[in-house]
Amino acid sequence: MLSHSVLDLLDRLIIHNSIFPQTRYELYGFTGFSGNSVYPILMQDYIKDVTFSSPNDVRAYMTSLGFSETAEACFSNEIIEVSDLYPRNVLKDLNGDIYVIDANYRIL
């Protein structure tokens, strides 16, 4: 039986991949250590020539996806809340394209 935390992880991956397919996560497998610890092995494509985005970049990008800013680095479309969208988690390439590489999700 899968643990609650593994099921939460799978839900998070599905949400991330549906909103941000350009930085989709792939579940490569699981590893573990003695004591029944299980750790996922995740992969994302490498993105070349990027810098941290600005809060304005993030705001414009999330608005273009139909989200509204509800708090600092937090956006909602009334179905899903996406948070932790600080510059360290949202990259911008030389063409101005935005890549969300890490975020938190909550179904409303």
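Residues numbered from 1 in each chain as written. Predicted model: local features only at pLDDT ≥ 70, side-chain atom pairs only at ≥ 80, totals over all residues. Heavy atoms only, no water.

Chemist: Would you mind going over the layout of surface pockets with me for this structure?
Modeler: Any space left empty among the atoms is revealed by the rolling of a water-sized probe across them. Size it by volume and the largest pocket reaches roughly 150 Å³. In terms of lining, the largest pocket is formed by Asp-8, Asp-11, Arg-12, Ile-15, Asn-104, Tyr-105, Arg-106 and Ile-107. Secondary-structure elements contributing two or more residues to the lining of the largest pocket are α1 (4–19) and β9 (104–107). Residue classes in the lining of the largest pocket are distributed as three nonpolar, one polar and four charged. (1 Å grid on protein atoms, 1.4 Å probe; cavity = no way out; pocket = protein on both sides within 12 Å on 5 of 7 lines; lining within 4 Å. Points joined across faces, edges and corners; volume = space filled by probe spheres on them. Helix = DSSP H or I, 4+ residues; strand = E, 2+ residues; numbered from the N terminus. Nonpolar A, V, L, I, M, F, W, Y, C, P; charged D, E, K, R; others polar.)

Chemist: Help me out: how do you make sense of the side chain of Asp-84 in this one?
Modeler: Take Asp-84: it is sitting in the loop between β6 (80–83) and β7 (90–93). In this structure Asp-84 touches Ala-73, Asn-89, Asp-102 and Asn-104, once residues within four positions along its chain are discounted. (Contact = heavy atoms within 4.5 Å.)

Chemist: In this structure, what is going on with the sheet that holds strand β8 (residues 98–100)? I would like to understand it.
Modeler: Each strand in a sheet pairs with another by means of backbone hydrogen bonds, the pair being arranged parallel or else antiparallel. The three strands are arranged β3-β7-β8 in an open sheet whose pairing can be described as antiparallel. Two strands close off the open sheet at either side, each with one partner strand: β3 (50–52) and β8. Across the sheet, the mean angle from the axis of one strand to that of its neighbour is 35 degrees, orientation sign disregarded. Note that β3 and β7 share three bridges and pair antiparallel. (Pairing = 2+ DSSP bridges. Axes fitted to C-alpha atoms, helices over the stretch in contact; angles between N-to-C directions.)

Chemist: How should the pairing of β7 be read in this particular structure?
Modeler: Looking at chain direction, β7 and β8 are connected through three bridges and run antiparallel. Bridge assignment links Lys-92 to a residue of β8, and that residue is Ile-98. Between β7 and β8, which pair antiparallel in sequence order, lie four residues; one of them, Gly-96, sits at a positive phi of approximately 90 degrees.

Chemist: Looking at this model, I keep getting lost on the confidence of the model for the protein. Mind explaining?
Modeler: The predicted coordinates should not be examined in detail at positions where pLDDT is low. Mean pLDDT for the protein: 92, with 95% of residues reaching 70 or above. Predicted confidence in the protein is weakest over strand β2 (residues 37–43), with a mean pLDDT of 86, and strongest over strand β5 (residues 74–76), with 98. (pLDDT = per-residue confidence, 0-100.)

Chemist: What exactly am I supposed to notice about the sheet that holds β6 here?
Modeler: Taken in spatial order, the four strands line up as β4-β5-β6-β9 in an open sheet, and their pairing is antiparallel. The two strands at the open ends of the sheet, each matched to only one other strand, are β4 (68–71) and β9. Here the average twist between neighbouring strands, direction ignored, is 30 degrees. Relative to β6, β5 runs antiparallel, the two sharing two bridges. Each residue of the ladder has a partner; that of Phe-75, found in β6, is Val-82.

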